Amino acid sequence: MWVFGVLPDSWFLLYLNLIIGFIITAFGGDPYVYYDWDVSYATVSPLGVKQKVIAIDGNFPGPILEVTTNWNVVVNVKNNLDEPLLLTWNGIQHRRNSWQDGVAGTNCPIPSGWNWTYVFQVKDQIGSFFYFPSLNFQRAVGGYGGIIINNRDVIPVPFAPPDGDITLFISDWYIKSHKDLRKDVEKGIGLGAPDGILFNGRGPYRYDTALVPDSIDFLTLNVEPGKTYRLRVHNVGVSTSVNFRIQNHNMLLVETEGSYTVQQNYTNMDIHVGQSYSFLVTMDQDATTDYYIVASSRFVNSSAWARAKGVAILHYSNSQGPATGPLPDPPNEYDTSFSMNQARSIRWNVSAGAARPNPQGSFRYGQITVTDFYVILNRPAELIDGRWRTTLNGISHLAPQTPLKLAQQFKIPGVFKLDFPNRLMNRPAKIDTSLINGTYRGFIEIILQNNDTTVQNYHLDGYAFFVVGMDYGVWTDNSRGIYNKWDGVARSTTQVFPGAWTAILVSLDNVGIWNLRAENLDSWYLGQEAYISVVNPEITEKTELPLPDNAIYCGLLSSLQKDQSQRVKFSDAPPTFKATQIIWLASVIFFALLKL
């Protein structure tokens, strides 16, 4: 028996670590965060005209979901809209858990007036992401918010801690409702120029009295001179690529969608729909006036787009006056190579750790043998069986009434086919439910070929992929000669320029059914998506998490549904609740041992 006063320090620490380790193992270890969200309509006037937006707990945009690597997230969502709802988590990989992905292929929608609880872990991820409603064009009127996943304290970050952390949502905005927008798209009517571009749900600063009405509520970022801030910038818009810039300030790019990048200064950055970037910006100007923050539309040649500028204000605490004069110039609209060269310049920081202590570049993707190969070609909207549809490899995806994941779970035949072609077939375009049959632990090369006249952006749920090449023209086998096989950035959303291609490599190590989609809402809504099925042929309990107890059933499984999905009960405990409990219990046990 030891006496507390003479217990050696080394034994004290050893015993404390052993006890904490035992309890963390017994209780699952990773802390939980809890959110209870009410999704409903709210009336706002971001461009001076009253309209309904989708708010969360009355807020537009919604709250920031901030966690640390490997934490568990519980989000109870009450749908107070007048139509079904799903939230998807752009860039969150949901390891072995596509049940929580929140898209039509994996989840039955949450009916109006119902609630459903998402439960997932941000396993081995860090960085800047966002969530949004995935059904029925709803993202066009809000429902989005930010996701921040911080490093654990034991994992170094490859830059000094910033003095502040700011999230910016850029969105092209229409005064039309999302219901009217989707009706237009169904009729083959193009979206046209947006009525404006918003920063964090607010309209532009009145930089031009002829273009911007009076009394518009604009965003002001208040900063301190000499300090450095991390700006997490997300394009959550409908279909518009934007150029983001801050007057007279350099932006040091440090992260994109969960990957640390080679640190490079940019004076402006093209940010395409669905993409997220982190910049470090130092307030190193003289503050004679405020400064403009600008997001302007890209790749358009119409006077109707003159209004499509978002303008916010950067305000130093010692500023001597309002921002004046012309906005900082965007890149040359007719220089088609500028944006592509800028995208190619974004490189993976192979020496930095991410969610794990090993360097990002320890995964040598350029040395892995490709097992599956797809050239996926899109086309502009066309009439198929009398309906306006978009396609990938000549197939316009038809979302079945029974979600693909549920049909797979219950072995229901005829809901989908594993026959998505690896190239465009010589046959008429068709509407179908055709999945990519992925090889578990295979390495797939996908060429995204854009035959449309606008920039198209593609996102893959469940994974980060390596962007290894892009160029104008038609991809050929010789195109592999320009691939970046060493430090191509790993991300979940990439742009494909009109008349060009982008090549990505994906390691299919995450079991589930995963959505590959156009992030442009008009293209996505009309069918430009596919799903990748990844099944482990050696079924074990650890292969995939089971069907959630609170699953909602629909389609051919509607008879299994009770009156209301079971709500997961949780307390209002703060994010560190579980970790605090564990440490408290460890202390109790430790001091009890000392008395033996």
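Heads up: the structure comes first, above all this text.
Because the structure is predicted, anything quoted here is derived from the model rather than measured.

## Focus: the side chain of Ser523
Right, so step 1: Here Ser523 is to be found in helix α5 (residues 521-525).
Right, so step 2: Taking relative accessible area as the criterion, Ser523 reaches 4% and is therefore assigned buried.
Right, so step 3: Ser523 has contacts with Thr390, Gln456, Ala518 and Gln528, leaving out every residue within four places of it along the chain.

## Thoughts on the layout of surface pockets
Right, so step 1: The volume enclosed by the largest pocket comes to roughly 840 Å³.
Right, so step 2: If you trace the largest pocket, you find 32 residues lining it, with Ala104, Leu135, Asn136, Ala399 and Tyr525 closest to the centre.
Right, so step 3: Counting only elements with at least two residues in the lining of the largest pocket, the list comes to β21 (387-392), α5 and β32 (529-535).
Right, so step 4: Considered class by class, the residues forming the lining of the largest pocket number 19 nonpolar, 8 polar and 5 charged.
Right, so step 5: Quantified by volume, the second largest pocket comes out at close to 690 Å³.
Right, so step 6: Along its surface, the second largest pocket is lined by 28 residues, and Gln93, Asp124, Arg356, Ala464 and Phe466 are the ones closest to its centre.
Right, so step 7: Residue composition of the lining of the second largest pocket, by class: 11 nonpolar, 11 polar and 6 charged.

## So, helix α3 (residues 336-345)
Right, so step 1: Turning to α3, its buried residues are Ser339, Met340, Gln342 and Ala343. Along the axis of α3, the buried residues cluster in a sector spanning 155°; they form a single face.
Right, so step 2: Where α3 is buried, its residues meet β15 (259-266), β16 (268-271), β27 (465-472), β29 (493-496) and β30 (500-507).

## Let's talk about the state of the cysteines
Right, so step 1: Counted by the stated rule, this structure contains 1 disulfide.
Right, so step 2: There is a disulfide in this structure between Cys108 and Cys554, and the S-S distance comes to 2.1 Å. Every disulfide takes its handedness from the sign of the S-S torsion; for Cys108 and Cys554 that torsion is -90°, giving left-handed. Note that Cys108 is positioned in the loop between β5 (87-90) and β6 (115-121) and Cys554 in the loop between β32 and α6 (577-594), a separation of 446 residues in sequence. For the pair Cys108 and Cys554, a shared accessibility class is recorded, and that class is buried.

## Some words on the environment of Pro31
Right, so step 1: Relative to the helices and strands, Pro31 is located in the loop between α1 (9-27) and β1 (32-44).
Right, so step 2: For the pair Pro31 and Asn72, spaced 41 residues apart in the sequence, the C-alpha separation amounts to 6.2 Å.

## Remarks on the pairing of strand β13 (residues 242-246)
Right, so step 1: Along β13, 5 of the 5 residues are buried, which leaves the element largely enclosed by surrounding structure.
Right, so step 2: In the sheet, β13 pairs with β16 via 4 bridges, with the strands oriented antiparallel. Each residue of the ladder has a partner; that of Val242, found in β16, is Ile271.
Right, so step 3: Direction of pairing for β13 relative to strand β18 (residues 291-297): antiparallel, over a ladder of 5 bridges. Looking across to β18, one finds that Phe244 is bridged to Ala295.

## Observations concerning empty space enclosed by the protein
Right, so step 1: The full count for this structure, using the stated rule, is 2 cavities of 30 Å³ or more.
Right, so step 2: The computed volume of the largest cavity comes to approximately 70 Å³.
Right, so step 3: Contributing to the lining of the largest cavity are Trp99, Thr106, Asn107, Cys108, Trp116, Leu406, Leu547, Pro548, Ala551 and Ile552.
Right, so step 4: Looking at the lining of the largest cavity, its residues break down into 8 nonpolar, 2 polar and no charged.
Right, so step 5: Put simply, the second largest cavity is a space of about 40 Å³.

## Quick notes on the pattern of salt bridges
Right, so step 1: Scanning the model with the defined rule gives 23 salt bridges in all.
Right, so step 2: Of the charged contacts, one joins Asp509 and Arg95 as a salt bridge, the two residues approaching to 3.3 Å between their closest N and O atoms. Of the two residues, Asp509 is situated in the loop between β30 and β31 (512-518) and Arg95 in the loop between β5 and β6; the sequence distance between them amounts to 414 residues.
Right, so step 3: Each of Arg139, Asp461, Arg517 and Glu519 takes part in salt bridges that share partners, so that together they form one network.

## Points about unusual backbone geometry
Right, so step 1: In this chain, Phe60 is followed by Pro61 through a cis amide linkage whose omega measures -5°.
Right, so step 2: For Pro61, the position within the fold is in the loop between β2 (51-56) and β3 (65-68).
Right, so step 3: One non-glycine residue, Asn200, adopts positive backbone phi at about 50°.
Right, so step 4: Within the element layout of this structure, Asn200 appears in the loop between β10 (196-199) and β11 (220-223).
Right, so step 5: For Ser215, which is not glycine, the phi torsion reads 65° and is therefore positive.
Right, so step 6: In this structure, Ser215 sits in the loop between β10 and β11.
Right, so step 7: With relative accessibility at 70%, the residue Ser215 sits in the exposed group.

## Let's talk about the sheet that holds strand β19 (residues 309-316)
Right, so step 1: The sheet built from 5 strands is open, its strands ordered β11-β19-β18-β13-β16 with mixed pairing. One side of each edge strand has no neighbouring strand; the edge strands of this open sheet are β11 and β16. Within the sheet, the average angular offset between the axes of one strand and its neighbour, ignoring direction, is 20°.
Right, so step 2: Across 6 bridges, the pairing between β18 and β19 is antiparallel. Looking across to β19, one finds that Tyr291 is bridged to Leu314.

The rules behind each value
- Residues numbered from 1 in each chain as written.
- Predicted model: local features only at pLDDT ≥ 70, side-chain atom pairs only at ≥ 80, totals over all residues.
- Heavy atoms only, no water.
- Helix = DSSP H or I, 4+ residues; strand = E, 2+ residues; numbered from the N terminus.
- Buried < 20%, exposed > 50% of the residue type's maximum accessible area, 1.4 Å probe, protein only.
- Contact = heavy atoms within 4.5 Å.
- 1 Å grid on protein atoms, 1.4 Å probe; cavity = no way out; pocket = protein on both sides within 12 Å on 5 of 7 lines; lining within 4 Å.
- Points joined across faces, edges and corners; volume = space filled by probe spheres on them.
- Nonpolar A, V, L, I, M, F, W, Y, C, P; charged D, E, K, R; others polar.
- Arc of directions from axis to C-beta.
- Disulfide = S-S within 2.5 Å.
- Pairing = 2+ DSSP bridges.
- Salt bridge = Lys/Arg side-chain N within 4 Å of Asp/Glu carboxyl O.
- Axes fitted to C-alpha atoms, helices over the stretch in contact; angles between N-to-C directions.

By themselves, these are just geometric observations and shouldn't be taken as functional.
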